[in-house]
Each structure stands twice: as C-alpha cells, then as structure tokens.
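# Overview (structure and organization)
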Amino acid sequence: MKFIEEIQRRRTFGIISHPDAGKTTLTEKLLLFGGAIQEAGAVKSNKIKKGATSDFMEIERQRGISVATSVLAFEYKGIKINILDTPGHKDFAEDTFRTLTAVDSVIVVIDVAKGVEEQTEKLVEVCRMRNIPMIVFINKLDREGKDAFELLDEIEQKLGLRVTPLSFPIGMGYDFKGIYNIWEKNVNLFSGDSRKDIEDTVEISDLDSKELNTILGDDSADTLREEIELVSGVYPEFDKTEYLNGDLQPVFYGSALNNFGVRELLDCFIEIAPTPRPKQSEERLVKPDEEKFSGFVFKIHANMDPNHRDRLAFVKIVSGPFKRNTPYLHVRHNKKLKFSSPNAFFAERKEIVDISYPGDIVGLHDTGNFKIGDTLTEGELINYKGIPSFSPEHFRYINNADPMKAKQLSKGIDQLMDEGVAQLFTLELNGRKVIGTVGALQYEVIQYRLEHEYGAKCTYENLNVHKACWVEPEDENNEEFKEFKRVKQRYLAKDKQGQLVFLSDSSFSLQMTEQKYPTVKFRFTSEIV
Ligand code: G4P
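Here the structure is a predicted model, which is why all the values come from computation and not from measurement. (Residues numbered from 1 in each chain as written. Predicted model: local features only at pLDDT ≥ 70, side-chain atom pairs only at ≥ 80, totals over all residues. Heavy atoms only, no water.)

Our next topic: the site of the ligand. In the vicinity of the ligand, 17 residues are found, and the nearest of them are D20, K23, T24, T25 and S255. Contact between the ligand and G22: an oxygen atom at 2.9 Å from a main-chain N or O atom of the residue. One of the side-chain nitrogen or oxygen atoms of T24 is found 2.4 Å away from an oxygen atom of the ligand. When isolated, the ligand has an accessible area of 700 Å², and the protein chains bury 71% of it. In terms of residues, the shell around the ligand owes the most to one element, helix 2 (residues 23–33), which gives three residues. (Near = heavy atom within 4 Å. Polar contact = N/O pair within 3.5 Å; in protein donor to acceptor, adjacent residues only side chain to side chain. Areas by Shrake-Rupley, 256 points an atom, 1.4 Å probe, with all protein chains shown as cover. Helix = DSSP H or I, 4+ residues; strand = E, 2+ residues; numbered from the N terminus.)

Here you go:
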C-alpha cells in the first residue's frame, strides 16, 4: 500500500468521560466490532476502581495493565483505528490532558442519567481550546435518565458545544424501544439484553410511512415524528467541515453495555473522523504526508520491573514513516538515536515493527533520554509545542530521609518528573524542593517508586499553597516587576524548565497580587518546552 493510502486509512482518537459513564465498556464494544477481541470482558479496565485510592499495590497492578491498554489498535472495514486510552481517575488528569495532544479526534461519553459531569467539563474544555473534532455518545439509554432534549441543552450550555443529533432515542429505560438513526435513516430496535448480537435494523426512508406505526406502535411513532421534526427545526444540519474544525459536534445515543448504537457510532466515525492531522511546531506546520519522519513524546511509562530501569516512551508519529534501526535526531539533546525494537500496539499486545505511519503510536525503549514533549526528526530542528502543564492542586515539601542516598533521590525525582508523574518547584529563597500533584494519590506513588526503583527514601511536609501561577511580566526590567520579585520572594519558585512560578497561598492573596502588579500576568497553565 502506498504511503499516502496508509495515512488516509488511519484514525487516531481518544475516548473521554467522567468515571463510570461507560468509557471502558464502549472501548471494549468497539474492539468487539473490530474483531480485535472475541468476548466482552477481555480488556482489563485501566481505571483505578473506587475505594482503591489508598491501596498502593492496586495502583502498581493498574500501572501494568495501563501499559497494555495505552494504545488499542484494530482494523475495521479496512480502516486502522488507534484508540489512545485516557485514565479516568481524576488524580491522573494530567496524563489525560497530555494524551489529548496526540489524538486527532475524541468521542465524549455521557451518562444519560447523570448528564454532564465535572471531569467531562474539564476535558472537553481542553479539546475545545484545541479545536479537536468531537463526537458525543450518550450512554445507558436502557436506564431511566434525562430527557433527550434537556440533555442536548445541558451539553450546549455546560460544555459550550454546538450539537446536532445524528441519532435519536425512542423511549428510554423501561420503555426504551430503540434508536432512530438520522445519519443512516433507519430504525434500530432494541430487544433487551443483546450483549453480543447486533440489533435489528429496519430501513425507514420516510418517517411518515405506516411501517413506523407497525413496528413502534402509534404513540411512539407519533412522538418520534414530532421529535425528529423538532430536531431538524432546532439543530443545525450536520456539516463535516464544521465538525472537523471543531465547530459542530454530532451526538449519538445508545447503550454500550447492550452493544446498542455502537455500530452506528463506529460506522459514522470511520466516515467522518479526521485522518492524521497536521501539527504545529514552533517553527512551522508539519503535514502528515511529508516524506520525512517526525514525532513527539506524549507519555512515558516506567518499567514495572525494578531491575530494568528502562522506560517506554510513547511517540505519536506526525509525518513520514518511522523505520526501525534508522537514526533519528533527538532535537533537545541534538543527538542521533537508533531504535532496534520499536513497539507497535494492537488490541492487547505490543509487537516489534519495522515501519509505522503518521497517526500511529510507537513505543520506544528509553534509558532516560526522553522527557514528555521531546521531538524526534530525521534531522530538521523543529520542536512540537503544546503539551501543557496545569497548576497542581496539592503541594508538599519533599525531604530526603536517608542522607546517604541524596544522589539517588535527586535522580529519582528528576526522572519521575520527566515522566510527568508530578511537578517539581524549587523555592527561590532557600532552594527547598516542592512537589505539586493533581491528586493526593501521587505522593504515595512517588514515595513507593523512589524507594523501589531508586533505593531512596523521602518524607513530605505540608505546604499551604492554593495555586501555582506561571509569571509573565510585560517587561522583565520594569520597576513593578522588580518590586513584585522583592516583596513576594518567599512565594517564588522555579519549575523544572526554569520558568518563574508564584505559589499563592489563597485566592484572595492572588487577587490582591494581580491588582497590585497589573503589568505582571499570572497563568494557571504552562506549555512544557
Ligand atoms: P468508565 O470506564 O467510564 O469508568 O465506565 P465503565 O465502562 O467501567 O462503566 C461503568 C459502569 O457502568 C459499569 O458497571 C458498566 O457495566 C456500566 N455501564 C456501561 N454502559 C452501560 C449501559 O449502556 N447501560 C447500563 N445500564 N450500564 C452501563 P459497574 O457495575 O460499575 O461495573 P462492572 O462490575 O459492570 O464492571
């Protein structure tokens, strides 16, 4: 197959949702359709179960699983689909944000009863900022939930999306009869628990036809006609270009658990979802069909085995084919590296491959060369940008508990931060190190891994910080900025890239600081460079 055809047949996407909306179940059903797995339950969930928040061994076990399920690839109707797994647990939200830099589109799963939840809002906001094309899947229609129109309103208001339903439910919960597929113009009848079988599909080219009454009954048929009329009156017509630009989001209804509405979603997805998209580097826009390889690291996974301290760096291929045993330039180190055993990912396994194409993810064994955001090329000096770092929610001093192991501790912290486990801030005043995390769970992860992988011991000490703000002065040399640095010295730190950060202790003090120094900007996110 030609290089161009290989690109054209790839779809790389992520599924995002609030925990428990059905992301894992939907992923599994998609794999079933692709024939990548034979039965439901085959894919182990990558999620950290509720109640496991302080069970550390459970996290280690999950880490193992999450390598296996980081990228799930399968073929469907000649299309190569790469699903990038995103951890649902909110303590690992940063991981998810970074993975979103490597997807070309997303599917947002929403629970029909719970509607738009907190985690969905945050993730969709990131996708919106990046104009990532989104398809919404409203799940669990076999249960009683919110009215279909009410939910569409909620999605528009809370998520700031412009939606257009491409399918519509006929009843719900106990009365759930099926789905009218606006995209394919047919009715899919729900026959209860059809975990493995694909549902009955009846072609309905004309909603006014009597056949609709026969299959649904008079009341349901009339209601459906009214609702579809309302849909076409209120919502914009689907337009692929608008969807691809991130300006319009199609909505599907279904029940992942019952394998209902999933085929429709997948069939529409392969038709409309984007092929690998061009990516902006700091220097220029790079197109997937360029002859020369380039890609970037969006995730690093440490080896589970403490005797082998190698790691797996996940590289999204942006342009050109990636070939085994070919020297590529690690731009940040300005050094050529060759990879003798790059991994490609399939549904549940990884395999060494000779060649991979734009849109694909390759896993490269790494002994500490990579950090998140690194670019690889055939020689060109470009840097992909846009892997953001968000203000952590928790802050603690980290102390060395074993003076003989200071070197190991420092190396361990360094590598764990490169992996993106947490963020490190060094106080300007006294050089003390502060670890910032999204969730309290990470402190345990860090402590455990420092001990088991690096032989170092640490303790923590609480620090009262509300938010880390990256400081951006209008002019580094103006008096106002100098005064700010003098007065607030106690609260200033450098992040791992050497950028200045203000650790504010309350939202009130941040507000006061902003007012007092109007020429200094405070940002809650940083782009890792
Ligand atoms: P997540 O990855 O988004 O966190 O969600 P997951 O797929 O694990 O689904 C969360 C729960 O919702 C699971 O039940 C799952 O079986 C259920 N679920 C998913 N899709 C549907 C659906 O279409 N209808 C109904 N009624 N339930 C659905 P659980 O009891 O928490 O877990 P499990 O023991 O079944 O694995």
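This paragraph deals with unusual backbone geometry. The backbone of K185 shows a phi angle near 55°, a positive value even though the residue is not glycine. With respect to the helices, strands and loops of the structure, K185 is situated in the loop between strand 8 (178–181) and strand 9 (186–189). Relative accessible area serves as the criterion here: at 42%, K185 is assigned to the partly exposed category. Unusually for a residue other than glycine, N325 sits at a positive phi of about 60°. Considering the arrangement of structural elements, one finds N325 in the loop between strand 16 (322–323) and strand 17 (328–330). (Buried < 20%, exposed > 50% of the residue type's maximum accessible area, 1.4 Å probe, protein only.)

Restricting attention to buried positions, one finds in helix 14 (residues 507–516) the residues S509, L510 and T513. Considered in projection along helix 14, the buried side chains sweep an arc of 105° and stay on one side of the axis. Opposite the buried face of helix 14, at more than 90 degrees from it, the exposed residues are F508 and Q515. Of the surrounding elements, those touching the buried residues of helix 14 are strand 29 (467–473), helix 13 (479–487), strand 31 (500–504) and strand 32 (520–523). (Arc of directions from axis to C-beta. Contact = heavy atoms within 4.5 Å.)

This brings us to the environment of L30. Looking at the secondary structure, you find L30 in helix 2. Judged by its relative accessible area of 1%, L30 is buried. Taking C-alpha positions, L30 is 9.6 Å from I83, a pair spaced 53 residues apart along the chain.

An α-helix turns once per 3.6 residues; consequently, residues spaced three or four apart project the same way. The end-to-end C-alpha separation of helix 8 (residues 218–234) is 24 Å, in line with the 24 Å expected for 17 residues at 1.5 Å each. Buried residues of helix 8: S220, A221, L224, R225, I228 and V231, and no others. Buried residues of helix 8 fall within an arc of 140° about the axis and therefore sit on the same side. In this structure, helix 8 carries D219, E226, E229, G233 and V234 as exposed residues pointing more than 90 degrees from its buried face. On its buried side, helix 8 packs onto helix 6 (148–159), strand 6 (163–165), strand 7 (167–170), strand 8 and helix 7 (210–216). (Expected span 1.5 Å × (residues − 1).)

Before going further, it helps to spend a moment on the nonpolar core. With 80 residues, the main nonpolar core has V106, I138, I155, F168, Y253 and F370 as its most contacted residues. Residues from two domains meet in this core; each of domain 1 (2–170 + 237–272) and domain 2 (279–377) gives at least three. The contacts of I138, once residues within four sequence positions are left out, are I110, V112, L151, I155, V251, F252, Y253 and G254. Residues I81, V109, L166 and V262 belong to the second largest nonpolar core, which totals 31 residues. (Core = buried A, V, L, I, M, F, W, Y, C linked by side-chain atoms within 4.5 Å. Domains from an automatic or database assignment.)

For R9, the location among the structural elements is in the loop between helix 1 (3–8) and strand 1 (10–17). Here the side chain of R9 touches G78 through a polar contact of 3.1 Å, landing on its backbone oxygen. When sequence neighbours within four positions are dropped, the list of residues in contact with R9 reads M1, E75, G78, I79 and K80.

It is possible for side chains of opposite charge to pair when their charged atoms get near one another. With the rule as written, the count across this model stands at 34 salt bridges. A salt bridge links D85 to K23; the nearest nitrogen and oxygen atoms lie 3.3 Å apart. Placement of the pair is D85 in the loop between strand 3 (79–84) and helix 4 (93–99) and K23 in helix 2, with a sequence separation of 62 residues. Close ionic contact of D267 with K77 constitutes a salt bridge, the shortest N to O distance being 3.1 Å. One end of the pair, D267, is in helix 10 (residues 262–272); the other, K77, is in the loop between strand 2 (71–76) and strand 3, with 190 residues separating them in the sequence. (Salt bridge = Lys/Arg side-chain N within 4 Å of Asp/Glu carboxyl O.)

Functional significance is not addressed by these values, which are geometric in nature.
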